[in-house]
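Inside the fold
Here are the chains, one letter per residue:
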Amino acid sequence: MTNFDYDVLIIGGGLAGGCLALALAGSPLKVAVVESSTEAERQAAPAGARALALARGTARILETLGVWAAVEPKATPIRHIHVSDRGHFGKTRLSAEREGVAALGYVATARDVEDAVIGALHAGSVELIQPARLIGLRAGPDSVHVSLRRGEEALTLSARLVVGADGSDSTVRRLLEIPQIVREYGQTALVFEVSCELEHRNVAYERFTSSGPLAVLPLGRRRCSVVWTLAPSDAEELRAVPEGEFLARLQDAFGYWLGTLGPVGPRQSFPLRLIRGGRMADDRVVLIGNAMHQLHPVAGQGFNLGLRDAARLAERLIVKQGFGEDIGDPAFLHSYAEARQRDLGSTVAFTDSLIRLFSSDFPPLALMRNIGLLTLDCLPPAKHLLARHAMGLAERLPRFR
């Protein structure tokens, strides 16, 4: 029998990789996480300030991982979701009270969630190899040999299974020459925080405009995180205009649901694409999170989908290990990848259809979608199904503890 350094070697210590490691921490599996950034670099990274929409199902997974108690005091509950179409009559509203829950979801900064996950990893049994950079992968019949660079030191490790959780610029994916399927939306997201004259009352707004969706998420008492989808030229212009003009343009697009909008935080922008890896599993390697898929930010499904990747994989690995079977078996990994296609496909279809339906002012389409919004608002069973999807509860939650 081949000797392995690790059962599972996770490349990438961000949210997806860190949560997978936590899910496996209580199992007999020997797990290590390879992270390229230092802790100081992680704390200083601008991406840590971005707001994450955490579905209710995601909060329950984080609770099972033992980190929700650290995240919840810093998270803002979403108790209502208000969907509207700018310049048209259609509206629909979802309510936590009607669903019999305390919150439909939560909003927290990525850094607050990362701090809780990393803190739990440091306190647990998972080994952290940090900072270290992946430079090579070679799969054999029984193991994967991994080459790392840690400063001036070269490391060679072996594992029964390697998990690529190293984000959108995944080195694992590149080394395996896994292609990406990319669909350009021809849109740019402008992301920033804004203060509000009125309290948001824990309402998340999804406002559809002719340029794309405008999401305003509660974050703090009178503060909101905004994701504004625009044509690339408009986004470039708006990044540069003075704050007064910027606020006037934002107020015109969003309206006065929160009164007068106040000073704006730094404006960041990024192009919007739907990206899917050509395959999720390779020889003793599997991709999760942004290494496998990146979604349009409408409905805030990206992190939630990646966390479900990690939780479902942990669930299957623990069962496989319990039967004394090979966790890197190609048939097993391809079965996992196939099972994830339903969730990935339905989430992509949900977000993609919203973009296509609400990014057009073609009159018959505008009339149809507004009738649809009003009809949805009057049909409790349909609203319940939509709420279940928004809460990440359309499927049963994974069990790994």
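Residues numbered from 1 in each chain as written. Predicted model: local features only at pLDDT ≥ 70, side-chain atom pairs only at ≥ 80, totals over all residues. Heavy atoms only, no water.

Taking an unreviewed UniProt entry as the reference, the protein chain is identified by name as 2-octaprenyl-6-methoxyphenol 4-hydroxylase belonging to Methylococcus capsulatus. Per UniProt, the protein chain has the following entry under Sequence similarities (unreviewed entry): "Belongs to the UbiH/COQ6 family." Looking at the Pathway (unreviewed entry) heading of the UniProt record, one finds this comment for the protein chain: "Cofactor biosynthesis; ubiquinone biosynthesis." (UniProt positions renumbered as here; feature names shortened; annotations may be inferred.)

Time to look at the nonpolar core. In this structure, Leu9 and Leu54 are the most contacted members of the largest nonpolar core, which totals 100 residues. The residues touching Leu9, leaving out its near neighbours within four places in the chain, are Ala32, Val34, Val146, Leu157, Ala159, Leu161, Val162 and Val163. Counting residues in each nonpolar core, the second largest holds 23 residues, with Leu190, Leu230, Leu238 and Leu258 among its members. (Core = buried A, V, L, I, M, F, W, Y, C linked by side-chain atoms within 4.5 Å. Buried < 20%, exposed > 50% of the residue type's maximum accessible area, 1.4 Å probe, protein only. Contact = heavy atoms within 4.5 Å.)

Moving on, we get to the sheet that holds strand β7 (residues 105-109). Reading across the sheet, the 3 strands line up as β3-β7-β4 and stay open at both edges, with antiparallel pairing between neighbours. In this open sheet, the two strands that pair with only one neighbour each are β3 (51-55) and β4 (76-78). The sheet shows a mean angle of 30° between the axes of neighbouring strands, taken without regard to direction. Two strands pair when backbone bridges link them, and β4 and β7 are joined in this way by 3 bridges, in the antiparallel orientation. By the bridge assignment, Pro77 is partnered in β7 with Tyr106. (Pairing = 2+ DSSP bridges. Helix = DSSP H or I, 4+ residues; strand = E, 2+ residues; numbered from the N terminus. Axes fitted to C-alpha atoms, helices over the stretch in contact; angles between N-to-C directions.)

What follows deals with the pattern of salt bridges. Applying the stated criterion across every chain yields a total of 18 salt bridges. Its salt-bridge partner being Asp115, residue Arg42 comes within 2.8 Å of it at the nearest N-O pair. Here Arg42, found in helix α2 (residues 39-44), pairs with Asp115, found in helix α6 (residues 110-123); they are 73 residues apart in sequence, far enough to count as distant. For Asp115, a relative accessible area of 28% puts it in the partly exposed group. The network of salt bridges with shared partners includes Glu39, Arg42, Glu114 and Asp115. (Salt bridge = Lys/Arg side-chain N within 4 Å of Asp/Glu carboxyl O.)

Here we take up helix α10 (residues 302-322). With 21 residues, α10 extends 31 Å from end C-alpha to end C-alpha; this agrees with the ideal 30 Å at 1.5 Å per step. Among the 21 residues of α10, 15 are classified as buried, and the element is accordingly described as predominantly covered. Backbone geometry just downstream of α10 places Gly324 in the positive-phi region, at approximately 70°. (Expected span 1.5 Å × (residues − 1).)

With that settled, consider the pairing of strand β12 (residues 180-196). The sheet contact formed by β12 and strand β17 (residues 268-277) spans 10 bridges and is antiparallel. Following the sheet pairing, Leu190 is matched in β17 by Ser269. With 8 bridges joining them, β12 and strand β15 (residues 223-230) adopt antiparallel strand pairing. Directly across from Leu190, in β15, lies its bridge partner Trp228. In the sheet, β12 pairs with strand β16 (residues 261-264) via 2 bridges, with the strands oriented antiparallel. When the sheet's bridge partners are listed, Cys196 is paired in β16 with Leu261.

The subject of this paragraph is the packing of aromatic side chains. Under the defined criterion, the tally for this structure stands at 5 aromatic pairs. Both rings, one in Tyr205 and one in Phe254, keep their centres 5.3 Å apart while their planes meet at 85°; by these two values the pair is edge-to-face. Placement of the pair is Tyr205 in strand β13 (residues 203-209) and Phe254 in helix α9 (residues 243-254), with a sequence separation of 49 residues. A residue is classified by how much of its surface remains accessible, and Phe254, at 1% relative accessible area, is buried. (Phe/Tyr/Trp six-rings, centres within 6.5 Å; stacked < 30°, edge-to-face > 60°.)

A negative phi angle characterises most non-glycine residues, just as the trans form characterises most peptide bonds. Between Gln130 and Pro131 the backbone carries a cis peptide bond, its omega angle lying at -10°. Mapped onto the elements, Pro131 comes out in the loop between β8 (127-129) and β9 (133-139). The residue Asn202 is not glycine, and still its phi comes out positive at about 60°. Position of Asn202 relative to the elements: it lies in the loop between β12 and β13. With a phi angle near 60°, Arg284 is a residue other than glycine that sits in the positive phi range. Relative to the helices and strands, Arg284 resides in the loop between β18 (281-282) and β19 (285-287).

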